[in-house]
Amino acid sequence: MERYDLVYQLYDEYDTETLREYQAFVDVFPAIDSRVALEHWQGATEELEERKDEIRSGFAAGETFAEVASRANRDQAFTALDLEAKYGRAVNVLVLDVDETLRSAGGTDNEIPRDTLHVLTEFHEAGVPIVICTGQTLENVKGFAIQGLGSEIVHSGDLSIVYEAGTGVFTPGHGAQTKQLLYEDLEEAIRNVFDDVRSRVLPEAPEDLRRGCHLQGNEFNVTMKPNYETGSTKARETIDAALVYLIDLLADAVGAALELNGTAESDEREDSTGNRKIDDETVIDWTRAFYADQDPEIRAVLEGEGAYPDLDSEAVPGALSDVLERIDVAYYEADAAEIGSLELNKVVGVERAFDVLDVDDPFALVMGDSKSDLRVMKWVDEIDAGIAAAPEHASQDTLEHVLGTDELVFDRGKSVDVLRTVFALNRLARLE
């Protein structure tokens, strides 16, 4: 209990709130070419050091407690103590989703807050590698990473980008291992299905969907995005329609690859959309039933769009389900509809990133909001290699996992709160 007693003493006997205000001001003070402003910053820096010196002189491990008090509030410090008592080790790698995790369209104007970026910089300076793990394209991630963290950090050799939810890994500064196209390892038949869907997805879309959507510029995944503000009613309506269309297009591509379409002689006819029936059941019906059974959100959309088939998923032929089990259909409400490879996911990408970064014995902080992030969270939990955190608006399954482990749930746009908790954990883990 000695550490708990010392932390009680720290927050009871010292004005840590004012200390953190000075630290925050010094950390994120903008570069302003003004003598008065610089003098103000210098004065704040001197006051900050004086307050830290009081703490340094009051504890045997004074530097550690001064750093904890200047970054973490009371609740964050005690949460850090609980994590240290439970796991007995510090976090040695960060695995971070971006959209609706580090930044939020609703809470941070879709930019990563400056205090979050500063804490990430401090982790980098402490030698903790950073893995950005996102569904976005590589070019988008590189752009905001360089803008937010700086080119020096991005190209330091200690930062990796898992992009398009695991289809590729980019780790600058590692020679031949810098960019790895994981989708090239897939069987040619699966790659051909994706090529087929990609080549047809917009040209063959209904006019209102073609005008209301655009394709994200992916290297491999096929992602339909709305031409409306994310989260809006129009975006939701568009993506719901896009999900049904994308599933149907995938069904046609897989059916053609397997030569299922029109191969049966009995009871073959065409429905109103020209889809050929095989024994009164289309490949499209089977595919809709398969993915509805996989994901209740997808089922709800299909039901809402009047596209849910009156069909048991067990009726899906084995040859078709064998292929569909390798292809992921993802639905992000009012944001995106996507197909990707289940053989290429964020877990696969993170594992490859760890290999390149030489993280041999990981204990990761995994932060994210979606089902793809949940896979990484469950993976590190299963191998006792990390902790998970999620925003309050994360998917239900993701929240349930986080609440069932260490309850590291943060407010929209406040990922910095968890980062500060882990900052404190890493400092307190050094104490003997």
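Residues numbered from 1 in each chain as written. Predicted model: local features only at pLDDT ≥ 70, side-chain atom pairs only at ≥ 80, totals over all residues. Heavy atoms only, no water.

Undergrad: Looking at this model, I keep getting lost on a negative patch on the surface. Mind explaining?
TA: Taken together, the side chains of Glu351, Asp355, Asp358 and Asp360 present a region of like negative charge at the surface. On the secondary structure map, Asp358 appears in the loop between α15 (346-357) and β10 (364-367). Looking at Asp358, the relative accessible area reads 57%, which means it is exposed. (Patch = residues over 30% accessible without salt bridge, like charges linked within 9 Å, V, L, I, M, F, W, Y side chains within 5 Å. Areas by Shrake-Rupley, 256 points an atom, 1.4 Å probe, with all protein chains shown as cover. Salt bridge = Lys/Arg side-chain N within 4 Å of Asp/Glu carboxyl O. Lys, Arg positive; Asp, Glu negative; His and termini not counted. Charge placed at Lys NZ, Arg CZ, Asp CG, Glu CD. Helix = DSSP H or I, 4+ residues; strand = E, 2+ residues; numbered from the N terminus. Buried < 20%, exposed > 50% of the residue type's maximum accessible area, 1.4 Å probe, protein only.)

Undergrad: Could you clarify how one ought to interpret the side chain of Ser104 in this entry?
TA: Relative to the elements of secondary structure, Ser104 occurs in the loop between β1 (93-96) and α6 (114-125). Given a relative accessible area of 1%, Ser104 falls into the buried group. Of note is the side chain of Ser104, whose polar atom sits 3.0 Å from the side chain of Glu100. Among the polar contacts listed, one links the side chain of Ser104 to the side chain of Arg412, at a separation of 3.2 Å. (Polar contact = N/O pair within 3.5 Å; in protein donor to acceptor, adjacent residues only side chain to side chain.)

Undergrad: Would you explain the sheet that holds β10 in this entry?
TA: Through backbone hydrogen bonds, the strands of a sheet pair up, either in parallel or in antiparallel fashion. The sheet built from 8 strands is open, its strands ordered β5-β4-β3-β2-β1-β10-β11-β12 with mixed pairing. Since the sheet does not close on itself, it has two edges, and those belong to β5 (179-181) and β12 (408-410), each with one partner. Strand-to-strand, the axes of this sheet are offset by a mean angle of 15°, without reference to chain direction. Two strands pair when backbone bridges link them, and strand β3 (residues 159-163) and strand β4 (residues 168-170) are joined in this way by 3 bridges, in the antiparallel orientation. Residue pairing for β4: Val162 is matched across the bridge by Val169. Sheet contacts for α15: β1, β2 (130-133), β3, β4, β5 and β10; angle to β3, the most-contacted strand, approximately 160°. (Pairing = 2+ DSSP bridges. Axes fitted to C-alpha atoms, helices over the stretch in contact; angles between N-to-C directions. Contact = heavy atoms within 4.5 Å.)

Undergrad: Could you clarify how one ought to interpret the nonpolar core in this entry?
TA: Side chains that are nonpolar tend, in soluble globular proteins, to be buried together. Counting residues in hydrophobic clusters, the biggest one holds 74 residues, and the most contacted among them are Val95, Leu250, Tyr291 and Phe354. For this core, the element with the most residues is helix α11 (residues 233-257), which contributes 12 residues. Apart from residues no more than four positions distant in its own chain, Leu250 is found in contact with Val193, Val197, Tyr291, Ile327, Val329 and Ile339. Ranked by size, the runner-up nonpolar core spans 62 residues in total, among them Tyr11, Ile55, Ala69 and Leu419. (Core = buried A, V, L, I, M, F, W, Y, C linked by side-chain atoms within 4.5 Å.)

Undergrad: Can you walk me through helix α3 (residues 35-58) in this structure?
TA: Given 3.6 residues per helical turn, the α-helix brings residues three or four places apart onto the same face. Its 24 residues give α3 an end-to-end C-alpha distance of 35 Å, which sits within 8% of 34 Å, the value for a rise of 1.5 Å per residue. Considered for burial, the residues of α3 that qualify are Ala37, Ala44, Thr45, Leu48, Lys52 and Ile55. Taken together, the buried residues of α3 touch α1 (2-13), α2 (16-28) and α4 (62-71). (Expected span 1.5 Å × (residues − 1).)

Undergrad: Sorry if this is basic, but what is going on with the packing of aromatic side chains here?
TA: The description of an aromatic ring pair uses the distance of the two centres, along with the angle that the planes make with each other. This model, assessed by the stated rule, comprises 10 aromatic pairs. A ring pair is formed by Tyr8 and Phe78, whose centres lie 4.6 Å apart and whose planes are at 50°; its orientation type is tilted. Taken together, the residues span a long stretch of sequence, with Tyr8 in helix α1 and Phe78 in helix α5 (residues 74-87) at a distance of 70 residues. Taking relative accessible area as the criterion, Tyr8 reaches 40% and is therefore assigned partly exposed. Given a relative accessible area of 13%, Phe78 falls into the buried group. (Phe/Tyr/Trp six-rings, centres within 6.5 Å; stacked < 30°, edge-to-face > 60°.)

Undergrad: Just to check I follow, could you spell out unusual backbone geometry for this structure?
TA: With glycine set apart, most residues show a phi of negative sign, and most peptide bonds adopt trans. Positive phi, normally seen in glycine, also occurs at Glu164, with a value near 50°. Positionally, Glu164 belongs in the loop between β3 and β4. Judged by relative accessible area, Glu164 falls into the buried class, the value being 1%. For Asp358, which is not glycine, the phi dihedral falls at a positive 60°.

Undergrad: So what exactly am I meant to see when it comes to the pattern of salt bridges here?
TA: Oppositely charged side chains are able to pair whenever their charged atoms sit close together. Under the counting rule described, the total for this entry stands at 35 salt bridges. Note that Arg51 is salt-bridged to Asp15, the shortest N-O span being 3.8 Å. Of this pair, Arg51 sits in helix α3 while Asp15 is found in the loop between α1 and α2, placing the two residues 36 residues apart along the sequence. With relative accessibility at 23%, the residue Arg51 sits in the partly exposed group. For Asp15, a relative accessible area of 43% translates into the label partly exposed. A salt bridge links Arg200 to Asp196; its shortest N-O distance comes to 3.4 Å. Residue Arg200 and its partner Asp196 are both found in helix α9 (residues 188-200); the two are separated by 4 residues, about one turn of the helix. Salt bridges here are not isolated pairs; linked through shared partners, they connect Asp27, Lys52, Glu67, Arg71 and Glu122.

Read these as spatial facts, not as claims about activity.
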